[in-house]
Amino acid sequence: MTSNIVFIGLGNMGLPMAQNLARAGHAVTGFDLMPASVQQFVAGGGLSADDQAAAIAAADIVITMLPASRHVQGAYLGEGGILAHAKAGALLIDCSTIAPDVSREVAAAASARGLRMIDAPVSGGTAGAAGGTLTFMVGGAEADLASARPLLEQMGKNIFHAGPSGSGQTVKICNNMLLGILMIGTSEAIRLGVANGLDPKVVSDVMAKSSGRNWTLEVYNPCPGVAENVPAARDYAGGFGVDLMLKDLGLAVESAGASGASVPLGELARQLYDLHSKSGAGGLDFSSIYKLATPT
Ligand code: NAD
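Keep in mind that what you see is a predicted model, and the values were worked out from it rather than measured. (Residues numbered from 1 in each chain as written. Predicted model: local features only at pLDDT ≥ 70, side-chain atom pairs only at ≥ 80, totals over all residues. Heavy atoms only, no water.)

1. Focus on the side chain of Ser 103
Turning to step 1, where the next piece is worked out: Note on placement: Ser 103 falls in helix α6 (residues 100-112).
Turning to step 2, where the next piece is worked out: Accessibility expressed as a relative area gives 5% for Ser 103, which makes it buried.
Turning to step 3, where the next piece is worked out: Here Ser 103 is in contact with Ile 98, Asp 119, Ser 165, Gly 166 and Gln 169, once residues within four sequence places are set aside. (Helix = DSSP H or I, 4+ residues; strand = E, 2+ residues; numbered from the N terminus. Buried < 20%, exposed > 50% of the residue type's maximum accessible area, 1.4 Å probe, protein only. Contact = heavy atoms within 4.5 Å.)

2. Here's the deal with the packing of helix α9 (residues 167-195) against helix α10 (residues 200-208)
The axes of two packed helices give the description: the angle between them and the distance between them.
Turning to step 1, where the next piece is worked out: Where α9 contacts α10, the axes come no closer than 9 Å and their chain directions differ by 130°. Classified by the interaxial angle, the pair formed by α9 and α10 is oblique. As α9 runs across α10, the sense of the crossing is right-handed. Residue-level inspection shows Ala 189, Ile 190, Gly 193 and Val 194 of α9 in contact with α10, the latter providing Pro 200, Val 203, Ser 204 and Met 207.
Turning to step 2, where the next piece is worked out: A breakdown of the residues in the contact of α9 with α10 according to their chemical character gives six nonpolar, two polar and no charged. (Axes fitted to C-alpha atoms, helices over the stretch in contact; angles between N-to-C directions. Parallel < 35°, antiparallel > 145°, perpendicular 65-115°, else oblique. Left-handed = near helix turned anticlockwise from the far one by under 90°. Nonpolar A, V, L, I, M, F, W, Y, C, P; charged D, E, K, R; others polar.)

3. Notes on the site of the ligand
Turning to step 1, where the next piece is worked out: Among the 22 residues in the neighbourhood of the ligand, the closest are listed as Asn 12, Met 13, Asp 32, Pro 67 and Lys 247.
Turning to step 2, where the next piece is worked out: Between Leu 66 and the ligand, the recorded distance is 3.0 Å, taken from a backbone N or O atom to an oxygen atom.
Turning to step 3, where the next piece is worked out: Between the ligand and the protein, one listed contact pairs an oxygen atom with a backbone N or O atom of Thr 97 at 3.0 Å.
Turning to step 4, where the next piece is worked out: Protein contact buries 86% of the 830 Å² of open area that the ligand shows by itself.
Turning to step 5, where the next piece is worked out: Put simply, the ligand lies in the largest pocket.
Turning to step 6, where the next piece is worked out: Residue classes in the shell around the ligand are distributed as 10 nonpolar, nine polar and three charged.
Turning to step 7, where the next piece is worked out: Formed jointly, the shell around the ligand draws a minimum of three residues from each of two domains, domain 1 (4-164) and domain 2 (170-292). (Near = heavy atom within 4 Å. Polar contact = N/O pair within 3.5 Å; in protein donor to acceptor, adjacent residues only side chain to side chain. Areas by Shrake-Rupley, 256 points an atom, 1.4 Å probe, with all protein chains shown as cover. 1 Å grid on protein atoms, 1.4 Å probe; cavity = no way out; pocket = protein on both sides within 12 Å on 5 of 7 lines; lining within 4 Å. Sits in = over half its atoms within 2 Å of the grid points. Domains from an automatic or database assignment.)

4. Some thoughts on the packing of helix α1 (residues 14-23) against helix α2 (residues 35-43)
Turning to step 1, where the next piece is worked out: Running from amino to carboxyl end, α1 crosses α2 at an angle of 25°, the nearest separation of the two axes being 10 Å. Looking at the two axes, α1 sits roughly parallel to α2. For the pair α1 and α2, the crossing hand works out as right-handed. Contacts between α1 and α2 involve Leu 15, Ala 18 and Gln 19 from the first element and Ser 37, Gln 40 and Phe 41 from the second.
Turning to step 2, where the next piece is worked out: The class makeup of the residues in the contact of α1 with α2 is three nonpolar, three polar and no charged.

5. Here's the deal with the pattern of salt bridges
Turning to step 1, where the next piece is worked out: Counting across every chain of the model gives eight salt bridges.
Turning to step 2, where the next piece is worked out: With a shortest N-O distance of 4.0 Å, Asp 144 and Arg 116 are connected by a salt bridge. Highlighted residues: Asp 144 in helix α8 (residues 142-152) and Arg 116 in strand β5 (residues 116-119), separated in sequence by 28 residues.
Turning to step 3, where the next piece is worked out: In this structure Asp 144 comes out as buried when scored by relative accessible area, which is 13%.
Turning to step 4, where the next piece is worked out: Judged by relative accessible area, Arg 116 falls into the partly exposed class, the value being 29%.
Turning to step 5, where the next piece is worked out: For Asp 205, the salt bridge is made with Lys 201, and the minimal N-O distance between the two is 3.4 Å. One end of the pair, Asp 205, and the other, Lys 201, are both in helix α10, four residues apart, so they sit about a helical turn from each other. (Salt bridge = Lys/Arg side-chain N within 4 Å of Asp/Glu carboxyl O.)

6. Concerning the environment of His 26
Turning to step 1, where the next piece is worked out: Structurally, His 26 is set in the loop between α1 and β2 (27-31).
Turning to step 2, where the next piece is worked out: Given a relative accessible area of 7%, His 26 falls into the buried group.
Turning to step 3, where the next piece is worked out: Remark: the alpha-carbon pair of His 26 and Ser 3, spanning 23 residues in sequence, is separated by 5.3 Å.
Turning to step 4, where the next piece is worked out: Every residue in contact with His 26, bar those within four places of it in the chain, is listed here: Met 1, Thr 2, Ser 3, Ile 5, Leu 21, Leu 151 and Gln 154.
Turning to step 5, where the next piece is worked out: Engagement of the side chain of His 26 in a polar contact is seen with the side chain of Gln 154, the distance being 2.6 Å.

Here is the structure:
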């Protein structure tokens, strides 16, 4: 079955996700603040429209893939936003990584207007978005996930129901805290080998078959020259921004504070990403933290 979909946020992740839905035969109308992103979407078979409110009013499904909590609040709750225009029974899917509390706030406001909403943040990076192999971590009602599932399967491979509204965000934050820590650890280990005269590819290959193996080492190696088709191979352009990782580590530390969980490494990772961002690297891919680990 094909649907009439509005997709808001055509960035590093949203563009390939929306393209996969358009390729699957859905009528997907894309919106982004950057006209160039919309043009790229249209060139690849997507639709555009001048009137966002009218497009939302006509949509069966609205998907958002925005940077942070405030963008999601603005898009859904703002005057002229999604909740004000979506038709009764429409299904709203927020794939952005945001604060669980904000997810719950927006979902409750949607429910009060007779709209169904799930939080469905993702993991798998831009390659997973392009390849349709993302992992979705869903919070919300079982029945709403059942409605969304066929669509999520056109963008991803693993779809998990984490629990009620906001739970998808909570598990996503746990994952990204671990990811941030692992990326720093992998960078430090490779640097140590290089500083002792080893080839970083040899160090990486050996660790990938040893107990230090992990995703940042094997799939997303941060050291230039070790792997192809990763941000480190293109001066850390594209991918998952340092400032987005910093946001996620902030959410993790905040959530730990509120729940009493002890996350000293998460806090240290947040401080290191903050330092890296302040050095001017905020727009680079998060694997550029390798540079911070580089002695100058
Ligand atoms: P991005 O910055 O590349 O894209 C976000 C897009 O949203 C931008 O193009 C921006 O112009 C647009 N935007 C912002 N406000 C808007 C609005 N009101 N209306 C329309 N468009 C608007 O970010 P991204 O890397 O695509 O990440 C999106 C979300 O996914 C973030 O929450 C991020 O944490 C999460 N995420 C990213 C990755 C990754 O590898 N990049 C992986 C998993 C999850």
